[in-house]
Amino acid sequence: QVQLVESGGGSVEAGGSLRLSCAASTYLDHCMGWFRQAPGKERERVAAFKRDGRTLYTDSVKGRFTTSKDNAKNTLYLQMNNMKLEDTAMYYCAADTYCSGDYSNWGQGTQVTVSS
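Description of the structure in this document. (Residues numbered from 1 in each chain as written. Predicted model: local features only at pLDDT ≥ 70, side-chain atom pairs only at ≥ 80, totals over all residues. Heavy atoms only, no water.)

## A short note on the sheet that holds strand 3 (residues 18-24)
Note the cut-off: For two strands to be treated as a pair, DSSP must find no fewer than two bridges joining them. Segments assigned H or I by DSSP are reported as helices when at least four residues long, segments assigned E as strands when at least two residues long, and all are numbered from the N terminus. Inter-axis angles, ranging from 0 to 180 degrees, are taken between N-to-C directions of lines fitted to C-alpha atoms, where helices are fitted over the stretch in contact.
With respect to topology, 4 strands assemble into an open sheet ordered 1-3-8-7, the strand pairing being antiparallel. The open sheet has two free edges, formed respectively by strand 1 (4-7) and strand 7 (65-70), since each of these has just one partner strand. Along the sheet, successive strands turn relative to each other by an average axial angle of 15 degrees, direction set aside. Two elements, strand 1 and strand 3, share 4 bridges in a ladder whose sense is antiparallel. Its bridge partner being in strand 3, Ser7 is matched across the sheet by Ser21.

## Here's the deal with the nonpolar core
Short version of the rule: Each nonpolar core is a collection of buried residues, namely Ala, Val, Leu, Ile, Met, Phe, Trp, Tyr and Cys, held together in the definition by side-chain atoms within 4.5 Å. A simple rule labels every residue: compare its accessible area, found with a 1.4 Å probe on the protein chains alone, to the largest value its type can have, and call it buried under 20%, exposed over 50%, or partly exposed in between.
In this structure, Leu4, Leu76, Leu78, Met80, Tyr91 and Val112 are the most contacted members of the largest nonpolar core, which totals 27 residues. Phe35, Ala48, Leu56 and Tyr103 belong to the second-largest nonpolar core, a separate cluster that totals 5 residues.

## Comments concerning the packing of aromatic side chains
Each aromatic ring pair is described using two quantities: the centre-to-centre distance and the angle formed by the ring planes. Where we set the bar: A pair of Phe, Tyr and Trp rings is counted when the ring centres sit within 6.5 Å of each other, with Trp represented by its six-membered ring. The angle between the planes then sorts it: under 30 degrees is stacked, over 60 is edge-to-face, the rest tilted. Both a distance and an angle decide whether a charge sits over a ring: NZ of Lys or CZ of Arg must be within 6 Å of the ring centre and within 35 degrees of the ring normal.
Across all of its chains, the model carries 4 aromatic pairs by this definition. Note on Phe35 and Tyr103: the rings are 4.8 Å apart at their centroids and 80 degrees apart in plane angle, and the pair reads as edge-to-face. You can see Phe35 sitting in strand 4 (residues 31-37) and its partner Tyr103 sitting in the loop between strand 9 (89-96) and strand 10 (105-106), a full 68 residues away along the chain. Across from the ring centre of Phe35, 5.8 Å away, lies the NZ or CZ of Arg43, which sits over that ring. Above the plane of the ring of Phe49 lies Lys69, whose end atom (NZ or CZ) is 4.4 Å from the centre.

## Some points on the pairing of strand 3
Most of strand 3 sits inside the fold, with 5 of its 7 residues counted as buried. The pairing of strand 3 with strand 8 (residues 75-80) spans 6 bridges and is antiparallel. For Leu18, the partnering residue across the bridge sits in strand 8 and is Met80.

## Focus: the environment of Ser25
The following threshold applies: Here, residues are in contact when the closest pair of their heavy atoms is within 4.5 Å.
On the secondary structure map, Ser25 appears in the loop between strand 3 and strand 4. Ser25 gets classed as partly exposed once you look at its relative accessible area, which sits at 46%. Note: C-alpha distance between Ser25 and Thr75 (50 residues apart in sequence) is 9.2 Å. Every residue in contact with Ser25, bar those within four places of it in the chain, is listed here: Val2 and Gln3.

Written out as structure tokens, the structure reads:
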């Protein structure tokens, strides 16, 4: 199984930016995604690559977040701009190996905290 390791989390003021990275130990699966979970809330998919190569975003982050891949570096990125307090959460990258909607391979997560 490919090991996934997130990095780049930390504290940022509202309106600021962070870029998260997800490094894969061997190779990057095609259907990669970013998830987040805030205290007391359900985990939600924030951004992902679809089977056709297009990206999707949850409504709350559209226009602010961008996910990208650098396959040469086996790394997935999540660029987060104009961050809001509501973006505070633990962020995870995950791999849907068969592009079926089942994310079976997960990283350990990186904490993102947005302050006013």
